[in-house]
Amino acid sequence: TGLAMGMGVGQVMLVLLAACVVMPAKDPLLNICMDAKHHKTKPGPEGKLHDQCAPWKDNACCTANTSSEAHKDQSNLYNFNWNHCGLMPPKCKRHFIQDTCLYECSPNLGPWIDQADSSWRRERILHVPLCKEDCEEWWEDCKDYVTCKENWHKGWNWATGTNRCPWGSMCRPFDQVFPRPKDLCEKIWSNSYKYTTEHRGSGRCIQMWFDPAQGNPNVVVAKYYAWKKRSSPAGMENVTPETDNAVRDLPWSVMVLLPLALVMLPEGGRGCGSHGWGSL
């Protein structure tokens, strides 16, 4: 038994060493804010984030003012009117508020930040893997609303200074415009989100909704996808041949455990330093 335990500890140490091989000193994909209209330059604590944005108060990319504006029907953030086809029901609107809070406040969207060709932001999010429950509850609570557009990012009539349905469009039931939850989550914001069958708590999908008392579950998700991005052929371009060979020569069992080790490492890859080991 002692031998087995020794092998187990040794294997974990190998896994953590392997993690150090592929983890940069500070991962540029983790704990960052995108370069967009209302985002802070870097995340940090915000004492008084409003209502549904409050879960991010310990580490946020949004300010208190942004969080407050996110809850208004006619917000100063983008002059966007939720009630373009009549009054949006509160049970539906809360999902759009939560979506806005995630977008404005989350420091855990780094692996999906992409360049934007817009006048009001230089970066956007693309294909963020949204948890199955978050997407399906959003669709379920909004299916009785009506809208005139599938893509809410563009194509509106802005003649009055706020978005109105474009000429010739008709207000139709939500579930006709978005027949499935997947259609809603992927199409409404130009593929900002990607529908997944992954569940909340799996560590494989981003949650719009979470209980801050349990910690932010999206920290682990961002670490996993940052590691995955580096491990893909496209993500290996900046890795030296020596590093690549060192990782490839690791035992199969260690490679299997490598994603878990990366998740265990503190944010920013401090696990390789003298302080990091003591915190595991």
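Where an unreviewed UniProt entry is consulted, the protein chain appears under the name FOLR1 protein, with the organism given as Cepphus grylle. Per UniProt, the comment on the protein chain under Sequence similarities (unreviewed entry) is "Belongs to the folate receptor family."

## Some remarks on the pattern of salt bridges
All told, the structure shown has 10 salt bridges when counted by the stated rule. A salt bridge links Lys57 to Asp58; the shortest N-O distance between them is 3.5 Å. Put simply, Glu150, Arg180, Asp183 and Lys187 are held in one network by salt bridges that share partners.

## Some details on helix α4 (residues 132–142)
Among all positions in α4, only Asp134, Cys135, Trp138, Trp139, Asp141 and Cys142 are buried. Residues of α4 that are buried sit in contact with α3 (90–105), β3 (128–130), α5 (174–177), α6 (181–187) and β6 (193–195).

## Here's the deal with the confidence of the model for the protein chain
In the predicted model, the protein chain carries a mean pLDDT of 75, and the fraction of residues at 70 or more is 69%. pLDDT under 50 marks residues 235–250. Its contacts with residues more than four places away, or in other chains, come to 13 contacts. Contacts of residues 267–280 to residues separated by more than four positions or lying in other chains number 28 contacts, the stretch itself having pLDDT below 50.

## Overview of the nonpolar core
If you look at the biggest cluster of nonpolar residues, it comprises 49 residues, and the most contacted ones within it are Phe96, Trp138, Trp152, Trp189 and Tyr193. Elements with a minimum of two residues in this core: α3, β3, α4, α5, α6, β6 and α7 (218–231). Examining the composition of this core, we find that 7 residues originate from one element, α3, more than from any other. Those residues in contact with Trp138 that sit more than four places away from it in its chain are His95, Phe96, Asp99, Leu130, Leu184, Cys185, Ile188, Trp189, Tyr193 and Met208.

## Some points on the environment of Trp56
Here Trp56 shows up in the loop between α1 (2–22) and α2 (64–69). By relative accessible area, Trp56 is classed as buried at 1%. Remark: the alpha-carbon pair of Trp56 and Pro212, spanning 156 residues in sequence, is separated by 7.5 Å. What Trp56 contacts, discounting residues up to four positions off in sequence, is Leu49, Gln98, Cys101, Leu102, Cys105, Ser106, Pro107, Met208, Phe210 and Asn216.

Here is what the cut-offs are and how they apply
Residues numbered from 1 in each chain as written. Predicted model: local features only at pLDDT ≥ 70, side-chain atom pairs only at ≥ 80, totals over all residues. Heavy atoms only, no water. UniProt positions renumbered as here; feature names shortened; annotations may be inferred. Salt bridge = Lys/Arg side-chain N within 4 Å of Asp/Glu carboxyl O. Buried < 20%, exposed > 50% of the residue type's maximum accessible area, 1.4 Å probe, protein only. Helix = DSSP H or I, 4+ residues; strand = E, 2+ residues; numbered from the N terminus. Contact = heavy atoms within 4.5 Å. pLDDT = per-residue confidence, 0-100. Core = buried A, V, L, I, M, F, W, Y, C linked by side-chain atoms within 4.5 Å.

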